[in-house]
Structures are given as structure tokens and as C-alpha cells.
Amino acid sequence: MSQATRPTGRPVISSTGLFTPPETITNEELVESFNSYVDRFNAANAEAIAAGTVEPLQPSSVEFIEKASGIKARHVMAKAPILDPEIMAPRWPERSNEDLSVLAEIGVKAARDALERAGREVADVDAVLCAASNMERPYPAMAVEIQQELGIDGFGFDMNVACSSATFGIQTAADYIRSGSAKSVLVVSPEITSGHLNWRDRDSHFIFGDVATAVLVEDAAIAPAEHWDILGTRLKTVFSNNIRNNFGFLNRASPEGEGKADKLFVQEGRKVFKEVVPMVAELIVAEAEGLGLDPQALRRLWLHQANAGMNRLIAQRVLGHEASADESPTVLDTYANTSSAGSIIAFHKHSEDLASGDTGLICSFGAGYSVGAVFVRKVA
């Protein structure tokens, strides 16, 4: 190894990658489907509703969705069955063990995009971390399947910290670089969140969308000329039941609970808003100051894309003023909440215009509770 390529132990983000499913569901389409289901349910249960033994379902509306979340559309892997009032869930043929699984497939597409953008060969990569909310299976690890498909000679493992998985993965990758255990690590976040969403729940049927992202974290010595120095990272978790999904292989031990609503995504939205916003803002400010950065001078915030109101308030507390779309860009309106991938999509789509020396923050937060903050500076 020449002096020019000797590892520095200094982690950087060399590139990011994105796979976006081609199909989109607008709020108008979603509301039409949901309200059709509501009409069918209420008609089928008319006698019980009249007797007071069953509560009638309430229709949704475009106005309600956009006011509650800021979401206008979402990408999905299987549009038609989700909009079918008889199904309202994704559907595709089961794949054999010899075929690439669907989660690995979209993860590989995002990973290849990141590698191409960095001009990196797979032989240069040492590890793959699959950091996502909803793994397709317990084992073999999705990361190892992605590693195999890419042809990477190294190691891989899965990690799940819900919506903060990608930023937790970035810190894990950065720690490998700092320790000298690896020089190039792919953090891949395939999120088919349409699988865990209850499309029949008025309060949440509009929240999620499908996507896959990848982040290439490398030693500065081998990074492309244009990259992002990782100035510091901070992780935090606090246990809460306010965002929860109880689906798992032990459900079969308690069959009386199978099929209940808690086996899909459930949350207490108002409690989450009230408790998470101050926790995130305080962590960002404290870590920025610990790194010698003025939080109000951060050029851009790439925040978790879950709720427009949450991002607006967090950005205001960090920057000291109402953030502009340039200071805190959103992709929530067209992608919806994509769990761990949201902040990475925002960074992927809204970072090239920054100048060398500009500092910013990639931050995700969600179930756990969990918060992951990654402070970066552009080098060009």
C-alpha cells in the first residue's frame, strides 16, 4: 500500500444511491380506495352499527391527509392490490430460495447506484450493512444476500433501529473506518414499508412509501475528490411503546393475537410529536456545540421525512428561525415516510448544490425512540 492510499482512519461519505419504485399512489387515489372500503364495511355491518355493537368507519379525505402529514403521494412496489378494497396490501408471487429476494433486489439497485456515483468497484468494498426497519426474514441476513449479489468479498450483517437505522448504520460504518477494520462500507436501506402498513386504518393508511437507499462510507484516503467529511455522529435511544409493531415469529406461540392490528404499524401520533421533537432538537444542538459547530450556522438539515410539522419545529429550534425549503428540504410530499431512508433521500437529492466547506446534518428519528445524527462537511 502506497503512502497516498494509506488509511487515515477518517470516515467520509463518498456517495449515495437511490432506487425509486416506478409506481405512485396519489392521495386522491388512496382516498378513493379507502372510502370504498369504508362504504363496504359500513354496509356489511349496517345492523350491528345500528344496534351500537360496531362502530362505523369514517371516511378519509385529501385535505385531512395533507394537513396531518404534508404527504401528497408515495411510491410503492405493488400499486393495484394496495388500491383494491378487497386486498389493500402488496402482492407478488413468492420467490424461491434460489431467486434474489425482493428486499435484496431493490437494495442492490441502490447500492449499484452509489458505487457508480463514486467510481468504485465492488472489489474495493469490505462490508455491507443492511440497515432498515422491515427485514424480509430473520435469516440468512439480507446484507449477506446483497453482498453475494454484488460480488463483494467481505462481510455483512443486518441492523434494525426502525426509522433511525440508516444513520445508526452510518455511525457503525464510520467506526469501522476509524478502527481500521474496513476502508469501504456500504450502508443499504431497502424499505418496503407498504408491507407493514395497515392500509385500512384511517389514521395511518397514508403514511408510508417504498424505496431503497445506499450510503458509501469510506476512508478519506480512497474517497473521490468530491465527498463529505463525517465530522461527528451521535446516537440516542429511549424506550417507548408509542410507535410499535408486534409482528414476529413468536406470534405463533400466542395464536389468539394473530391478525390483530398491533401486528402491523401502530402509533400514538400526538405523543410521538410531543416527546420526540424536543429530544431530537436538544441532541442536535448539544452535539453540534460539542463539535465546535454553531447549530444556527448549519447550511442544511436533511431531516427524517415523517411529518412536515415535526421537521418544521425541529429545524426552527436548531436554526433559531423558521427554516426555508433550502435550509431544510423535504421529499416527504412525493415519497411519504420511507422510514430509515427518508433523510438519505433528502441528502441524495438536495446536496450537490452546496459549496466546499458547507456543513450540514443528516438526522433520523423514530420508533424506539431512536435518534441518529451525522454531521458532515462538503469537500470538493
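Scroll up to find the structure this text is about.
Residues numbered from 1 in each chain as written. Predicted model: local features only at pLDDT ≥ 70, side-chain atom pairs only at ≥ 80, totals over all residues. Heavy atoms only, no water.

Student: Can you explain the overall build of the chain? Please cite residues and give values.
Tutor: Helix and strand content of the chain: 11 helices and 13 strands. Scaling as 2.2 N^0.38, a compact globule of 380 residues should have a C-alpha radius of gyration of about 21 Å, and the chain matches this with 21 Å. If one aligns the C-alpha atoms of the chain with their principal axes, the spans along those axes are about 80 × 55 × 35 Å. Every one of the 380 residues in the chain was classed for burial, and the buried ones make up 53%. (Helix = DSSP H or I, 4+ residues; strand = E, 2+ residues; numbered from the N terminus. Rg over C-alpha atoms; globule rule 2.2 N^0.38 Å. Buried < 20%, exposed > 50% of the residue type's maximum accessible area, 1.4 Å probe, protein only.)

Student: Quick rundown of helix α9 (residues 308-319)? Include the residues and the values.
Tutor: An α-helix turns once per 3.6 residues; consequently, residues spaced three or four apart project the same way. Relative to the 16 Å expected for 12 residues at 1.5 Å per residue, α9 spans 16 Å between its end C-alpha atoms, a close match to the ideal helical length. Inspection of α9 places Gly309, Met310, Asn311, Ile314, Ala315, Val318 and Leu319 among the buried residues, and these make up the whole buried set. Between a side-chain oxygen at the N-terminus of α9 and the backbone nitrogen of Gly309 the separation is 2.8 Å; the capping residue is Asn307. Directly after α9, the chain includes Gly320, whose backbone phi takes a positive value near 85°. (Expected span 1.5 Å × (residues − 1). Polar contact = N/O pair within 3.5 Å; in protein donor to acceptor, adjacent residues only side chain to side chain.)

Student: I'd love a proper account of the sheet that holds strand β13 (residues 370-379), names of residues and values included.
Tutor: What the 9 strands build is an open sheet, ordered β5-β4-β6-β7-β1-β8-β13-β12-β11; its pairing is mixed. The sheet terminates laterally at β5 (155-159) and β11 (300-303), the two strands that pair on one side only. When strand polarity is set aside, the average angle formed by the axes of neighbouring strands in this sheet is 25°. In this structure, strand β8 (residues 227-237) lies alongside β13, joined through 10 bridges in antiparallel fashion. (Pairing = 2+ DSSP bridges. Axes fitted to C-alpha atoms, helices over the stretch in contact; angles between N-to-C directions.)

Student: Lay out the pattern of salt bridges with the relevant residues and their values.
Tutor: In the structure shown here, the tally under the stated rule is 17 salt bridges. One salt bridge connects Lys79 with Glu29, and the closest N-O pair in it is separated by 2.9 Å. A residue pair is termed long-range when its members are at least 10 positions apart, and Lys79 in helix α4 (residues 79-83) and Glu29 in helix α1 (residues 27-44) qualify at 50 residues. Linking Glu287 and Arg234 is a salt bridge whose minimum nitrogen-to-oxygen distance equals 2.8 Å. Pair noted here: Glu287 is in helix α8 (residues 269-290) and Arg234 is in strand β8, with a separation of 53 residues, a long-range link. On the accessibility criterion, Glu287 (8% relative accessible area) is buried. (Salt bridge = Lys/Arg side-chain N within 4 Å of Asp/Glu carboxyl O.)

Student: Can you break down the packing of α8 against α9 residue by residue, with the values?
Tutor: Close contact between α8 and α9 brings their axes to 9 Å; oriented N to C, the two are set at 35°. Considering the relative orientation of α8 and α9, their crossing is right-handed. Where α8 abuts α9, its residues Val272, Phe273, Val276, Val277, Pro278, Val280, Ala281, Ile284 and Val285 lie against Gly309, Met310, Leu313, Ile314, Arg317 and Val318. Among the residues making up the contact of α8 with α9, the classes are represented as 13 nonpolar, 1 polar and 1 charged. (Left-handed = near helix turned anticlockwise from the far one by under 90°. Contact = heavy atoms within 4.5 Å. Nonpolar A, V, L, I, M, F, W, Y, C, P; charged D, E, K, R; others polar.)

Student: Explain the pairing of strand β6 (residues 184-192) to me, using residue names and the numbers behind them.
Tutor: With respect to burial, β6 is a largely interior element, 9 of its 9 residues being buried. Burial of the side chains of β6 extends over both faces: Ser184, Leu186, Val188, Pro190 and Ile192 are buried on one face and Val185, Val187, Ser189 and Glu191 on the other. Two elements, strand β4 (residues 127-131) and β6, share 4 bridges in a ladder whose sense is parallel. Across the sheet, the residue bridging to Val128 is Leu186, located in β6. As paired strands, β6 and strand β7 (residues 210-219) are joined by 9 bridges and run antiparallel to one another. Counterpart to Ser189 in the pairing with β7 is Thr213.

Student: An account of the side chain of Asn251 is requested, with residue identities and associated values reported.
Tutor: Relative to the elements of secondary structure, Asn251 occurs in the loop between β9 (243-244) and β10 (266-267). Residue Asn251 is classed as buried on the basis of its relative accessible area, which comes to 15%. Leave out the neighbours within four places in its chain, and Asn251 touches Asn246, Glu258 and Lys263.

Student: Please set out the state of the cysteines residue by residue, giving values where relevant.
Tutor: Should the sulfur atoms of two cysteines be covalently bonded, the bond is a disulfide. This model, assessed by the stated rule, comprises 0 disulfides. Just so you know, Cys130 is unpaired, no disulfide at all, and the nearest cysteine sulfur is the one on Cys163, 15 Å from it. On the basis of relative accessible area, Cys130 is assigned to the buried category, the value being 0%. Cys363 carries a free sulfur, and the closest cysteine sulfur to it, the one in Cys163, is 12 Å from it. The buried category is assigned to Cys363, whose relative accessible area is 0%. (Disulfide = S-S within 2.5 Å.)

Student: Help me get a handle on the packing of aromatic side chains, residues and values and all.
Tutor: To describe a pair of aromatic rings, one takes the distance between the centres and the angle between the planes. Enumeration over the complete set of coordinates arrives at 8 aromatic pairs. Relative to Tyr37, the ring of Phe34 has its centre 6.4 Å away and its plane inclined at 55°; by these criteria the two rings are tilted. Of the two residues, Phe34 and Tyr37 are both situated in helix α1; the distance of 3 residues between them amounts to about one turn of the helix. There is no split in this pair, since Phe34 and Tyr37 are both buried. With a centroid separation of 4.8 Å and 85° between ring planes, the pair formed by Phe208 and Phe265 is classed as edge-to-face. Placement of the pair is Phe208 in the loop between β6 and β7 and Phe265 in the loop between β9 and β10, with a sequence separation of 57 residues. (Phe/Tyr/Trp six-rings, centres within 6.5 Å; stacked < 30°, edge-to-face > 60°.)

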